[in-house]
Amino acid sequence: MFIFVALQHAFCRMAEKTRNTMHRGPVLSKVEESFLRLYGFSPTRAIPSVVVENFPELGLITALRFLEWAAAHPGGVISLPTGKTPEFFIRWTRFILGNWDLPEVREIRMRYGLDLRSKPTLQNLRFVQIDEFYPIPSAQHNSFYHYVTEFYIRGFGLDPGKALLMQCEAIPLAGGKDFREVFPEMRIDLSLRYRESRSRLEQLQQDSIFLIDQWCSAYEQNIRDMGGIGFFLGGIGPDGHIAFNTRGTDPFSTTRLTETNFETQAVAAGDLGGIEVSANRLVITIGLETITWNPDAVAIIMAAGEAKAKIVRESLESDMQNLYPATVLQKLEKARFFLSRGAASLLSDSMERYYAEGKWTHQKTERAVIDLCRKIEKYGHHILPEDLEADPYARLIPGRGDVVGSVARSIIEKMNRGMRKEEDQVFLHTGPHHDDIMLGLLPFIASHIRIPSNQFHFAVMTSGFTAVTNRFMIDLLADTVKFLDQGFIQMVEYPDFFERGYQMKSDKDVYHYLNKVAAGEEMERRRGVCHRLVRSLVGIYGIQSKDQLRDVIVAVLSALRDSYDGERNPPEIQRLKGMIREFEEELVWAHYGIQVEHVHHLRLGFYQGDIFTEAPSESRDVVPILQMLRKLNPTVLSVAFDPEGSGPDTHYKVLQAVAAALRLLKAEKDLSGLRIWGYRNVWYRFHAAEANIIFPVSLNAMSAMGDAFTHCYVSQVDASFPSPELNGKFSDLAEKIWVEQLQDIQLLLGKNHFYQNTHPKIRATHGLVYLKEMGVDEFLLHARTLRDSVEGHGKPGYGVPPTDEDTHSDQPKR
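Here is what the cut-offs are and how they apply
- Residues numbered from 1 in each chain as written.
- Predicted model: local features only at pLDDT ≥ 70, side-chain atom pairs only at ≥ 80, totals over all residues.
- Heavy atoms only, no water.
- Helix = DSSP H or I, 4+ residues; strand = E, 2+ residues; numbered from the N terminus.
- Rg over C-alpha atoms; globule rule 2.2 N^0.38 Å.
- Buried < 20%, exposed > 50% of the residue type's maximum accessible area, 1.4 Å probe, protein only.
- Contact = heavy atoms within 4.5 Å.
- Pairing = 2+ DSSP bridges.
- Axes fitted to C-alpha atoms, helices over the stretch in contact; angles between N-to-C directions.
- Salt bridge = Lys/Arg side-chain N within 4 Å of Asp/Glu carboxyl O.

S.K.: Where do I start with the overall build of the protein chain in this structure?
M.R.: A count of helical and extended segments in the protein chain gives 29 helices and 17 strands. Taking 28 Å as the expected radius of gyration for a compact globule of 814 residues, we find that the protein chain reaches 28 Å, a close match to that expectation. Considering only C-alpha atoms, the protein chain reaches an extent of 80 × 75 × 60 Å along its principal axes. With 814 residues in all, the protein chain has 59% of them scored as buried.

S.K.: Which parts of the structure should I look at to understand the environment of tryptophan 215?
M.R.: Position of tryptophan 215 relative to the elements: it lies in helix α8 (residues 200-225). Separated by 89 residues in the primary sequence, tryptophan 215 and alanine 304 place their C-alpha atoms 34 Å from one another. When sequence neighbours within four positions are dropped, the list of residues in contact with tryptophan 215 reads Leu165, Met166, Ile171, Pro172 and Ile284.

S.K.: I would appreciate a short explanation of the sheet that holds strand β15 (residues 675-679) in the present structure.
M.R.: Two modes of strand pairing occur in sheets, parallel and antiparallel, and in both the strands are linked by backbone hydrogen bonds. Across the sheet, which stays open at both edges, the seven strands sit in the order β13-β12-β11-β14-β15-β17-β16 with mixed pairing between neighbours. Each having just a single partner strand, β13 (599-601) and β16 (693-698) make up the two edges of the open sheet. Neighbour-to-neighbour, the strand axes of the sheet open up by a mean angle of 25°, direction not taken into account. With six bridges joining them, β16 and strand β17 (residues 765-775) adopt antiparallel strand pairing.

S.K.: Can you help me understand the sheet that holds strand β5 (residues 131-134) in this one?
M.R.: Spatial ordering of the open sheet is given by β5-β8-β7, a layout of three strands whose pairing is antiparallel. The outermost strands of the open sheet, each flanked by one partner alone, are β5 and β7 (256-258). Pairs of neighbouring strands in the sheet enclose a mean axial angle of 25°, with direction left out of account. Bridge count between β7 and strand β8 (residues 282-285): three bridges; the pairing is antiparallel. Bridge pairing in β8 links arginine 256 to threonine 285.

S.K.: Any chance you could explain the pattern of salt bridges here in plain terms?
M.R.: Charged atoms that come close allow side chains of opposite charge to pair. Applying the stated rule across the entire model yields 50 salt bridges. Here arginine 420 and glutamate 413 are joined by a salt bridge, their closest N and O atoms 2.6 Å apart. For arginine 420, a relative accessible area of 45% puts it in the partly exposed group. Among the charged side chains, a salt-bridge network with shared partners connects Glu32, Arg65, Glu68 and Arg336.

In structure tokens, the structure reads:
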């Protein structure tokens, strides 16, 4: 376990300030002193940070600091976060409390300075809920009220009578009405705060908004009457938000009903059942002043994963400003950032360590030169020796010479490698979800797929049902009923259809649909999707007749209409949604002549749609991949290759399942000839220095991808679950990334390298795809390193804590 603690210098400065201002109490707690004693590290930032190697360890140190504070403040005021970020904080806290006297736990407490005479008691702590969607029924599993009562009030054994919670039904509205009566469409127009109402309903809503505002003010006053929040723990959003204090929030803001921005809505879309819901749902949140009102408060921000690295850097290395809400924590002497190595990777001291430690490599030279061109907005051939000398990283390049020229030549070689012809290969392209393969490397695949000597297989590892909204399914099922009643789904009349016919002619479904795409017949395309839906319904529900089919459709429609947005569907409906996604994937590759039998749907069992997902198991999740590898015997295997904590955790879990299958296969046969292509798509991107294959993308290739995405991924064209980077389709974001990658290389090579090139593919380049090719041993090493960074395996420290079922915890069960 390597813990790099960014505390020493900043803490020394704060200690001096403390002595001068006679601030109460020590600057460092004993737990924090243990970090410094064991792993000293000293950058200069206004908010000290602790950097650990892996996600579970992030939860461990947070749990230890929380328990230390709770022991010293048994009746203190705490405010804890929701979502996936606190998973290991919750698990470690429960594990330590439930197994306080076990040798393993005593060792942890001794190592980290949690030197307490007795186990902390949490039941007298006063809990303050941070935020909530409004309006939302509190009983729904996707309400934050449900989360905090489940994982904190019950999970930590807190006293609900001492909790200050945001229960939407308990917030008084005009006339004593329920929020469903006042806001029947679950939308609130905050302009009613400032304009006249235009109807009786608007008058009711206006009066209710003012009552909600009054409730928020009372909530704020209640917190202050308790002395303010003593221990605050939060995550950080893609725009830098803490609580629902989004980018640009007034640092003196208090508890309020407010709108959110697109980035926050995109993150919330997964909770609420789509951006269509989250974009129209307001929130109640404590303010930045609420968090910092108590000057003695401990405020900790947790962040994991390289996807958070940019906003972490901006939050920690900027002066206090509205643009980065977390900078307000500079007010608090006990504010900290607890970070994984990935989340800290762009901090200045992390970058300095990257360049200073270990052997200098050409990859470091590439990164330094490419970043310099971007930073000072200069073309490579205009870079002067003094530019290199002025840059803190480029100046470290040994024996510089023609360093820009050497980087340009290596990048050109990567592009040449991307354009090499691939023949007599068996390609197996894998994706965690449907559309991952397309978004990561479709133009690269298309360059090989027309060569007759190559064989192609595509494998999607999960069913992907969480990406299909209830509204999409309701509309599709309603259309299916119409087509049935009009006699437009003729296959149900065939005598053997309900026995075995429904399993046949999958390729015909696909070909028929694409024919109608070519013909521009939208109604016929819709009928084609409904055909596949009928086949899926018959298989899932064991339907025996046309009448039963209609009854099942009506029952499924009823179940969906009675569900709230974001509710977990029954297994049969999950499977139905997943089979729609499978049809979509078959349509994409049929564009290139790939038959249905070459598109494999593994439906790995760890994918359940829970907030805290299961880890893959060998028998359930690894063996099916191993069997597929044995059967197909690929020579090239592509894998989504995202770094720690970036994108959906499904990507990480699929990568580990593939790696486990390869380890088993390696024990059976020689895999020295197998090449692994690591790709990334909309969730994270390679730096050009990390990639060793660069493929030029033409406008024609971009157009082909955009059209295929729109016509095939029919459940995704409305972008119900978008990336925070772009309010639109994932295909549009992938193209945006490719264009930005080209812009970086154009700065290095000059635009004339492209438009004056002798190769027509280079002249037609308007985007670039980056990949990393590896041998099996190199890939397995990367996978194990990534596993260590996420789970803590292989370290002399502590990995994932056991769940309650693995221990004899005396804490309440979840």
